[in-house]
2 protein chains.
Amino acid sequence: MATITPSIRIRRTPFSPGVEKAGVKSYTVYNHTLLATEFDNYVEDYHHLKRDVQIWDVACEKQVRIQGFDAEKLMKLLSPRDLTKLHQDQCFYIPMIDKNGGMLNDPVAIKIGINEYWVSIADSDYLLYILGVADALKLNVTIDEPDISPLAVQGPKSEDLMARVFGNEVRSIKFFRYKKLLFEGRKMIVARSGYSKQSGFEIYVDGFEYGMPLWDKLMNAGRDLNVRAGCPNLIERIESGLLSYGNDVTREHTPFEAGLSKYVDSKEEFLGKLNLQKRSFNKIIRPIEIDGEIPSCDRHWPVFLNGKRTGIITSAVYSPDFNCNVAIGMVDIEKAPAGTQIEVETQNGFHKAQVNSQFWN
Amino acid sequence: MATITPSIRIRRTPFSPGVEKAGVKSYTVYNHTLLATEFDNYVEDYHHLKRDVQIWDVACEKQVRIQGFDAEKLMKLLSPRDLTKLHQDQCFYIPMIDKNGGMLNDPVAIKIGINEYWVSIADSDYLLYILGVADALKLNVTIDEPDISPLAVQGPKSEDLMARVFGNEVRSIKFFRYKKLLFEGRKMIVARSGYSKQSGFEIYVDGFEYGMPLWDKLMNAGRDLNVRAGCPNLIERIESGLLSYGNDVTREHTPFEAGLSKYVDSKEEFLGKLNLQKRSFNKIIRPIEIDGEIPSCDRHWPVFLNGKRTGIITSAVYSPDFNCNVAIGMVDIEKAPAGTQIEVETQNGFHKAQVNSQFWN
C-alpha cells in the first residue's frame, strides 16, 4: 500500500502530535486536512469504539464562519431547511444545494448569535460557494475559517469521560444541542453530536494552542475507562447509515435521492427552491447486504437487477457484528425496494446482494 | 510512514492502473483525486525527469467548464487578467481572487469558443466559487466538471515522444498554446505546458476510456527514449519556482504577494478590483537557500531576521543538482531583499539561510 506524502497543503491539526504518538496507521485527506482512518486495524478500532470510549481528531470538520448584518439573510438564501426553527443552542444538519438542487455539502450549522453562524462542513470547499454568493450580491458579511478544531469523544463511556473534564453539566446536553463550557478558562462549544451512533460529544476547540492540552487531559482522565485515540470507523458508519459526502452523495444528487427530504422544509426563497421542486428522481440511498468476500470499495460498483443496471454501491465493508458485508448504495426507488435480490459487480467479479429495509445500527 | 486509505471520495483516474503497475510509492490528494508523488524516489525521479521523458497522471487538474450565453461575462467578472488578449488557441495562467483580493486558486484557463471556457484548477474547489457567483446573479451558464483528464508528457525528450504518437504537428505548438489533435479518431486538446521547466505537453484526454490506451501507446512508443511513469517532482518544482496553491499561496494572499502582479491587468469591473487596488502589502514570495540538514516541510517554518519574525518558509527540499536546500518562502519585501541573511526554524531547530534573487532553474 502506498504512503501519504507530508506537505503543508495537506494540513496538520492541533492534535496531530497525539495522533502520531498513538501510532496512526493510515490517513485519508478531508477538507485539505489529515484525518486518521486506522490505529490498530478497522476491526479492533470498531470493537473498541462500540465498547469503550475514543478521542477523535476531527479538526478536518472545518468551520465556515459567517458574520455580519446579512448573515441570516445569506443563510436563508442557501438553506433548504427551515432555519426559523434553529435555536441558539442547537445543531442543524442541512443538505446544502446549488441552484439546480444538486448537493454541494451536508454540513451541521449552528447559530452563535443573530449575526453569526458556523457551518461545520463535509469534504468540499463549501466556503467558496457561500463566498461566491456573498461577493456577487455584495452582502454585508465576513466569511472565513476561524481557528476552531473539533475534537470528538465517542463511544458508550463518552459521557462519563466528558463529565470528568467538563463537569456534570455535559450530562444535561441533549442530542444535537450544545452548551458553552470552560476548558482552561476558555469557553468552548460542547455539542452532543458526532459521526457515530455510539453516542458522544464534539468539542469545538477554540484556539490551536488548546488542542494538545485538552487531548492529554482527556487521555489521562480516561485511563480506567480504557480511552484510546480513534477515528470515524468505516464499519460502524456504514452499519449506522451515516452518509459520506463525496462517497455516497455528490452534486449529481438532490437531497431527495440522498434520503434527506425531511430536511427540505424552508418557506424562504432559497437559491435552489424552484429547480428542486421541479426535479423528478427515480433512485434513492438504500442499505444493501452483499454476499461473498469483497475487495476495498475504492470505486463505484454497478448494481444489476435481472441483468440490467439499476444503481451503484458507494460504500461497503465486512461487519463482524452482523457477520455480513454492509453497504450503502443508490438504486432504483421503484424497481429495487427492500427485499429485492440484486447483483453487484466489484473489481473481483459478481456478488449476490439484497436491498435491506433499514441500516444495521 | 502512514499509508493512504482507498475510498471513492479520493478519486481514482483513467490512468490509475498504469500508475499502480509502475509501482507508485506515495500519493498526495489533489482536488479530491489521487496524485502520485514518488515512484523510485524523489532524487531518482528528479534526475530522470531532467534527462529523459516521463508520463504524468495529472487528471487531478480538474476542468471547470463554463458554457452558455453569459460565459464570457462571468469569466470577466472573475478574472483580474485581461481576457481580451486570450486567443482561442492559448492557455492563460490567472490568479483568481475573491472580493477582497485574496487568492482562491491559480488555474490555467483556455477559451474553447465564444461561449465556452475551461478552467484547469489547482487544489481548491474553485468550481464552487464560480457556481456561487453564477447562481446568485442568475447567469445563463452551465458550470460542470467534464470527463476530461489531463495527462502530462514532461522532460527534454517529450517532443520526440509526442511526435511519434500525435505526429510532427506537435513540434509547431508554441509555449502555452494548444492544438486539437487526433487520438484514435477523437480530437483532443494538446498544449505545450506542464508543471515543470523541463519542457513538455499536456493532453486533455477527452473520455475516461481513452486514458489507458493513450498511456500504453506513449509507454510503448517511448521505450528507446527511456520513458517512465512520473509525477510533479518536489525538487524540480521548487528549483523552478513553480508555486503550489495551498502550500505557498492561500486566500490570505493577494496576487501581488504571490509575485503575480503582471497577471493583474484587466480593464473590466472584476469582483475584487476595488479592494485589490486598496490593499497594501509588505511581503512577497522569494527563493530561499537553507543551510544544514532539513526535515520534511509539512508545516510553516518561521523566518527570522536579527531575531525578529520576518516571514515563513512554505516549501523546501534538498537539491542534488545545486547541492543545497532550495526553498520557497514569503518574507518582508523591504527588510529581506535578495542577499539578506536570515534564520529558519524547522521542527529540528534553527538553520542559517539566505534570500536569493532568482530561482534555480
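Residue positions are counted from 1 within each chain, in the order its sequence is given. For this description, chains carry letters from A and ligands carry numbers from 1, given in the order in which they are written. Totals for whole chains, interfaces and linings use every residue, but because this is a predicted model, local features are given only for residues with pLDDT of at least 70 and side-chain atom pairs only at 80 or more, for both listing and counting.

Attention now goes to the overall build of chain A. Secondary structure elements are defined from DSSP: runs of H or I of at least 4 residues count as helices, runs of E of at least 2 residues count as strands, and each element is numbered from the N terminus. The number of helices and strands found in chain A is eight helices and 22 strands. Taken over C-alpha atoms, the radius of gyration is set against a globule rule of 2.2 Å times the number of residues to the power 0.38. Since a compact globule built from 361 residues should have a radius of gyration of about 21 Å, the 21 Å found for chain A is in line with a globular shape. With the C-alpha coordinates aligned to their principal axes, the bounding extent of chain A is approximately 65 × 50 × 40 Å. Exposure classification rests on a simple neighbour count of other C-beta atoms within 10 Å of a residue's own: a residue reaching 20 or more is buried, one at 12 or fewer is exposed, and one in between is partly exposed. C-beta atoms are placed from the backbone. Looking at chain A as a whole, 54% of its 361 residues qualify as buried. Working definition of a contact: two residues with C-beta atoms, positioned from the backbone, lying within 7 Å. Partitioning the contacts of chain A with sequence separation of at least 6, the portion at a separation of at least 24 is 67%.

Looking now at the relation of the copies chain A and chain B. After a rotation of 180 degrees and a shift along the axis of 0.0 Å, chain A superposes on chain B with an RMSD of 0.0 Å. The transformation just described matches what one would write down for a two-fold rotation axis. When you check the interface residues of chain A against chain B, 100% turn up at the interface there too, and the contact is symmetric in its surfaces. Our superposition of the copies is a least-squares fit, built on the C-alpha atoms of residues whose pLDDT is at least 70 in both.

Contact with chain A, which involves 46 residues of that partner, is made by 46 residues of chain B. Those elements giving two or more residues to the side of chain A that touches chain B turn out to be strand E1 (3-4), strand E2 (26-30), strand E3 (33-38) and helix H4 (126-136) of chain A. Under the grouping applied here, Gly and all other residues not named as nonpolar or charged are polar, the nonpolar ones being Ala, Val, Leu, Ile, Met, Phe, Trp, Tyr, Cys and Pro and the charged ones Asp, Glu, Lys and Arg. Of the residues contributing to the side of chain A that touches chain B, the split by class is 20 nonpolar, 15 polar and 11 charged. In terms of strand pairing, E1 of chain A meets strand E2 (residues 26-30) of chain B through two bridges, oriented parallel. When the bridges of E2 of chain B are listed, Ile4 of chain A appears paired with Tyr27 of chain B. When DSSP locates at least two bridges between a pair of strands, those strands are taken to pair.

So, about the sheet that holds strand E4 (residues 54-57) of chain A. All names here are of chain A. Spatial ordering of the open sheet is given by E13-E14-E15-E12-E4-E16, a layout of six strands whose pairing is mixed. Strands at the two margins of the open sheet, each flanked by one partner only, are strand E13 (178-183) and strand E16 (228-230). On average, each strand axis in the sheet is tilted by 30 degrees relative to the strand beside it, whichever way the strands run. In the sheet, strand E14 (residues 186-191) pairs with strand E15 (residues 200-206) via three bridges, with the strands oriented antiparallel. Across the sheet, Ile189 pairs through a bridge with Tyr204, a residue of E15. Lying over the sheet, helix H2 (residues 42-51) contacts E4, strand E12 (148-154) and E16, oriented at roughly 115 degrees with respect to E16. What counts as an axis is a line fitted to C-alpha atoms, over the stretch in contact for a helix, and the angles between N-to-C directions run from 0 to 180 degrees. Taken strand by strand, helix H6 (residues 211-221) contacts E4, E12, E13 and E15, and its axis lies near 10 degrees from that of E12.

Bringing the domain arrangement of chain A into the picture now. Domain boundaries shown here were taken from an automatic or database domain assignment. Segmenting chain A into domains produces domain 1 (16-62 + 147-238), domain 2 (63-144) and domain 3 (282-361). Distance between the C-alpha centres of domain 2 of chain A and domain 3 of chain A: 34 Å.

Turning our attention to the pairing of strand E14 (residues 186-191) of chain B. Note on strand geometry: in a regular strand, side chains alternate between the two faces of the sheet. Residue and element names in this part refer to chain B. With six bridges connecting them, strand E13 (residues 178-183) and E14 associate as antiparallel partners. Each residue of the ladder has a partner; that of Lys179, found in E14, is Val190. Linking two consecutive strands that pair antiparallel, namely E13 and E14, is a turn of two residues; a positive phi of about 50 degrees is found at Glu184 within it.

What follows deals with unusual backbone geometry. Residue and element names in this part refer to chain A. Here Ser199, not a glycine, exhibits a phi torsion of approximately 70 degrees, which is positive. Note that Ser199 resides in the loop between E14 and E15. Under the C-beta neighbour-count criterion, Ser199 is labelled partly exposed, with 16 such atoms within 10 Å.

Attention now goes to the packing of helix H3 (residues 71-78) of chain B against helix H4 (residues 126-136) of chain B. All names here are of chain B. Orientation of H3 relative to H4, taken along the N-to-C sense of each, is 120 degrees, at an axis distance of 11 Å. Helix-helix and strand crossings are classified by hand; for H3 and H4 the assignment is right-handed. Mapping the contact onto sequence places Leu74, Leu77 and Leu78 in H3 and Ile130, Val133 and Ala134 in H4. Across the contact of H3 with H4, the residue classes tally to six nonpolar, no polar and no charged. Take the far helix as the reference: if the near one is turned anticlockwise from it by less than a right angle, the crossing is left-handed, and if turned clockwise, right-handed.

Right, let's get into the packing of helix H5 (residues 158-166) of chain A against H6 of chain A. Packed helices, taken two at a time, are described by the angle between their axes plus the distance between the axes. All names here are of chain A. Axis separation between H5 and H6 bottoms out at 9 Å; the angle between their running directions is 120 degrees. The orientation of H5 with respect to H6, classified from their angle, is oblique. Seen along the crossing, H5 lies across H6 with a hand that is right-handed. Between H5 and H6, the contacting residues are Leu161, Arg164 and Val165 on the first element and Lys217, Leu218 and Ala221 on the second. Roughly parallel here means an angle under 35 degrees, roughly antiparallel means over 145, roughly perpendicular means 65 to 115, and every remaining angle is called oblique.

Further remarks concern the nonpolar core. Where a protein is soluble and globular, its nonpolar side chains tend to be buried together. A set of buried residues qualifies as a nonpolar core if it consists of Ala, Val, Leu, Ile, Met, Phe, Trp, Tyr and Cys joined through C-beta atoms within 7 Å. Formed by 228 residues in total, the largest nonpolar core has its most connected members in Ile130 of chain A together with Ile130 of chain B. Sequence-distant contacts of Ile130 of chain B, that is, excluding residues within four places in its chain, are made with Gly132 of chain A together with Val64, Ile66, Leu78 and Ile143 of chain B.

Looking now at H2 of chain A. Residues and elements named next belong to chain A. Three or more residues of H2 are buried, namely Tyr42, Asp45, Tyr46 and Leu49. Around the axis of H2, the buried residues are gathered within 100 degrees of arc, so they sit on the same side. Seen from the buried face of H2, the exposed residues on the opposite side, beyond 90 degrees, are Glu44 and Arg51. Those residues of H2 hidden inside the fold are in contact with E3, E4, E12, E16 and helix H7 (234-239). This arc is built from the directions going out from the helix axis to the C-beta atoms.

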